[in-house]
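# A structural walkthrough
Each chain, letter by letter, is given below.
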Amino acid sequence: MKVISGTKVRKELLEKYRETIQKKKLKIGLAIIQLGDNEASNTYIRNKLKYTEEVGIESNLIKLPEKTKEAELIKVIEELNKDKKVTGIILQSPTPDHIDFTKCARLIDPKKDVDGFSEENLFSIRDNNEKIIPCTVKGILKLFDSYNIPVAGKDIVVIGRSNIVGRPLADALINRNATVTICHSKTKNLEKYTKHADIVVSAVGKPNLVTKEMVKRGFIGIDVGINMVDGKLVGDFTKEAGEKASYMTPVPGGVGPMTIAMIIDNLIELKEKEK
Ligand code: NDP
């Protein structure tokens, strides 16, 4: 089994991004909006600030109180949409319960939509006219490219149908001529689909969901799941399922590091489209 190392690919990409930003003298500004003080979000944001700053992007965290009203948040988004110094905006999830995250995230100008969650950007993938691709999805596509794994003609099972991972990934893979099956919590007999798949992507968030009995030898496994078990970070595949793979992404160190690299990739893309 060959490990698909997102950590290694990210390192190479960050070097490339730093050079591009320097050479082309790109002035890129990122604004992250956070409501409240969620501990996991604090860690994600720290990383986003660290990696963007390392490549020469000016990042700014706008931390609002937990009880900020939706109308006030919308005002902040509208101001940032107008601000010429801001290339990209991220609304950090999760937001408190009184905020409709999807509605607010979709108010971000599609031309500043780093996460690719706006209707325009999501539909562009469905329409096979891709604009900004959500970071996790783009990260997985980059991993396939980096490891010379062709997807055209492959039977791919995507487990999970969220608007930010499962669905746009399925659309993007169809655009690349894969034959895609989407499974979810109501799928009867998941194994029936995964067993014959050349590539299995699990974007669920359930440890031990994909076992060795459910996959064929030599399959390619992409583990998007993030689960905390006994203080350890694990994915959705069992270790034994991974051992049957020809290529497998580890957790941690697989898809996760790519998501953050793709924030930078999308910011560069947004900046270059500004011209
Ligand atoms: P969601 O909770 O939005 O979606 C989970 C999906 O899994 C749903 O479509 C759900 O089905 C499906 N599902 C739940 N239980 C089962 C089951 N037993 N069998 C089959 N399908 C099931 O999650 P996200 O898409 O936001 O994230 C998925 C995972 O990926 C999480 O662990 C998250 O932490 C991780 N993640 C990792 C990232 C990274 O950078 N590595 C980035 C983003 C997410 P249904 O639609 O029927 O409810």
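Residues numbered from 1 in each chain as written. Predicted model: local features only at pLDDT ≥ 70, side-chain atom pairs only at ≥ 80, totals over all residues. Heavy atoms only, no water.

### Some words on the site of the ligand
The test is simple: We call a residue near a molecule or strand whenever a single non-hydrogen atom of that residue lies within 4 Å of it. Definition of a polar contact: a pair of N or O atoms within 3.5 Å, with one able to donate and the other able to accept a hydrogen when the atoms are protein atoms, and with sequence-neighbouring residues admitted only if both atoms are side-chain atoms. The protein chains shown are the only cover counted for residues, whose accessible areas, like all others here, come from Shrake-Rupley with a 1.4 Å probe. In DSSP terms, a helix is any run of H or I states spanning at least four residues, a strand is any run of E spanning at least two, and both are numbered starting from the N terminus. Only Asp, Glu, Lys and Arg are considered charged, only Ala, Val, Leu, Ile, Met, Phe, Trp, Tyr, Cys and Pro nonpolar, and every remaining residue, Gly among them, polar.
Taken together, 20 residues surround the ligand, and among them Arg161, Ser162, Ser185, Gly205 and Thr259 come closest. In this structure, serine 185 approaches the ligand through a side-chain N or O atom, which is 2.5 Å from an oxygen atom. Within the complex, the protein chains bury 69% of what would otherwise be the 930 Å² of accessible surface of the ligand. Tallying contributions element by element places helix α10 (residues 255-274) first for the shell around the ligand, with three residues. Its residues placed into classes, the shell around the ligand shows nine nonpolar, nine polar and two charged.

### A few points about the domain arrangement of the chain
Stated formally: Domain segmentation is taken from an automatic or database assignment of domains.
Assigned domains within the chain: domain 1 (24-110) and domain 2 (135-255). The gap between the C-alpha centroids of domain 1 and domain 2 is 29 Å.

### Here's the deal with the sheet that holds strand β4 (residues 88-91)
The test is simple: Strands are treated as partners if at least two bridges between them are detected by DSSP. A fitted line through C-alpha atoms represents every axis, and for helices the fit uses only the stretch in contact; the resulting angles, taken between N-to-C directions, go from 0 to 180 degrees.
An order of β3-β2-β4 is seen for the three strands of this open sheet, with the pairing classed as parallel. Unpaired on one side and paired on the other, β3 (58-64) and β4 mark the two borders of the sheet. On average, each strand axis in the sheet is tilted by 15 degrees relative to the strand beside it, whichever way the strands run. As paired elements, strand β2 (residues 29-35) and β3 share seven bridges and run parallel to each other. In the sheet register, isoleucine 33 faces β3, and the bridge partner there is isoleucine 62.

### Some thoughts on the environment of leucine 80
Formally: Each residue gets one of three labels from its accessible area relative to the maximum for its type: buried under 20%, exposed over 50%, partly exposed in between, using a 1.4 Å probe on protein chains only. It only takes one pair of heavy atoms within 4.5 Å for two residues to be counted as in contact.
Here leucine 80 is to be found in helix α3 (residues 70-82). Using a relative accessible area of 8% as the deciding quantity, one classes leucine 80 as buried. Each C-alpha atom, one on leucine 80 and one on aspartate 109, is 9.1 Å from the other, the two residues being 29 residues apart in sequence. If we skip the residues at most four places from it in the chain, leucine 80 touches Ala31, Ile33, Ile62, Val86, Ile89 and Lys112.

### So, a nonpolar patch on the surface
What counts is decided by this rule: The residues that make up patches have over 30% relative accessible area and no salt bridge, and they are joined within 9 Å when like-charged or within 5 Å when they are Val, Leu, Ile, Met, Phe, Trp or Tyr. When a carboxyl oxygen of Asp or Glu lies within 4 Å of a side-chain nitrogen of Lys or Arg, that pair is called a salt bridge.
Together, Tyr44, Ile226, Met228 and Leu233 give the surface a local cluster of nonpolar side chains, amounting to about 410 Å² of exposed area. Examined against the element boundaries, methionine 228 turns out to sit in strand β9 (residues 227-229).

### So, the packing of aromatic side chains
Stated formally: Two rings from Phe, Tyr or Trp (for Trp, the six-membered ring) form a pair when their centres are within 6.5 Å of each other. A pair whose planes differ by under 30 degrees is stacked, one over 60 is edge-to-face, and the rest are tilted.
Within the structure shown, the criterion is met by three aromatic pairs. Between phenylalanine 101 and phenylalanine 117, the aromatic rings sit 6.4 Å apart at their centres with planes inclined by 70 degrees, giving edge-to-face as the arrangement. In this pair, phenylalanine 101 is assigned in helix α4 (residues 101-105) and phenylalanine 117 in the loop between α4 and α5 (119-126), connecting sequence segments 16 residues apart. Neither phenylalanine 101 nor phenylalanine 117 differs from the other in exposure class; each is buried. Ring geometry for tyrosine 147 and tyrosine 247: centres 6.4 Å apart, planes at 75 degrees, overall edge-to-face.

### Re the pairing of strand β6 (residues 179-183)
What counts here: Seen with its strands pointing away from the viewer, a crossover is right-handed when the path leading from the first strand over the helix to the second is clockwise.
For strand β5 (residues 155-159) and β6, the ladder comprises five bridges, and the chain directions are parallel. Within β6, the position partnered with valine 157 by the bridge is threonine 181. The parallel pair β5 and β6, bridged by helix α7 (residues 166-175), forms a crossover whose chirality is right-handed.

### Quick word on the pattern of salt bridges
Taken as a whole, this structure holds 19 salt bridges when the rule is applied. Note that lysine 195 is salt-bridged to glutamate 191, the shortest N-O span being 3.1 Å. The exposure class of glutamate 191 is partly exposed, given its relative accessible area of 28%. Across the pair glutamate 269 and lysine 273 runs a salt bridge, and its minimum N-O distance is 2.9 Å. Linking glutamate 269 with lysine 273, this pair stays in helix α10, spanning four residues, or about one helical turn. With a relative accessible area of 21%, glutamate 269 lands in the partly exposed category. With relative accessibility at 49%, the residue lysine 273 sits in the partly exposed group.

### What to know about the packing of helix α2 (residues 39-54) against α10
Which entries qualify depends on this criterion: An angle below 35 degrees is read as roughly parallel, one above 145 as roughly antiparallel, one from 65 to 115 as roughly perpendicular, and any other as oblique. Note on convention: near helix rotated counterclockwise from far helix by under a right angle means a left-handed crossing. Clockwise means right-handed.
Contact pair α2 / α10: the axes reach a minimum separation of 10 Å and the direction vectors enclose 50 degrees. Between α2 and α10, the crossing angle belongs to the class labelled oblique. Seen from above, α2 lies across α10 with right-handed handedness. Note on element contacts: α10 touches α2 through Ile260, Ile263, Ile264 and Leu267, opposite Tyr44, Asn47, Lys48, Tyr51 and Thr52. Residue classes in the contact of α2 with α10 are distributed as six nonpolar, two polar and one charged.

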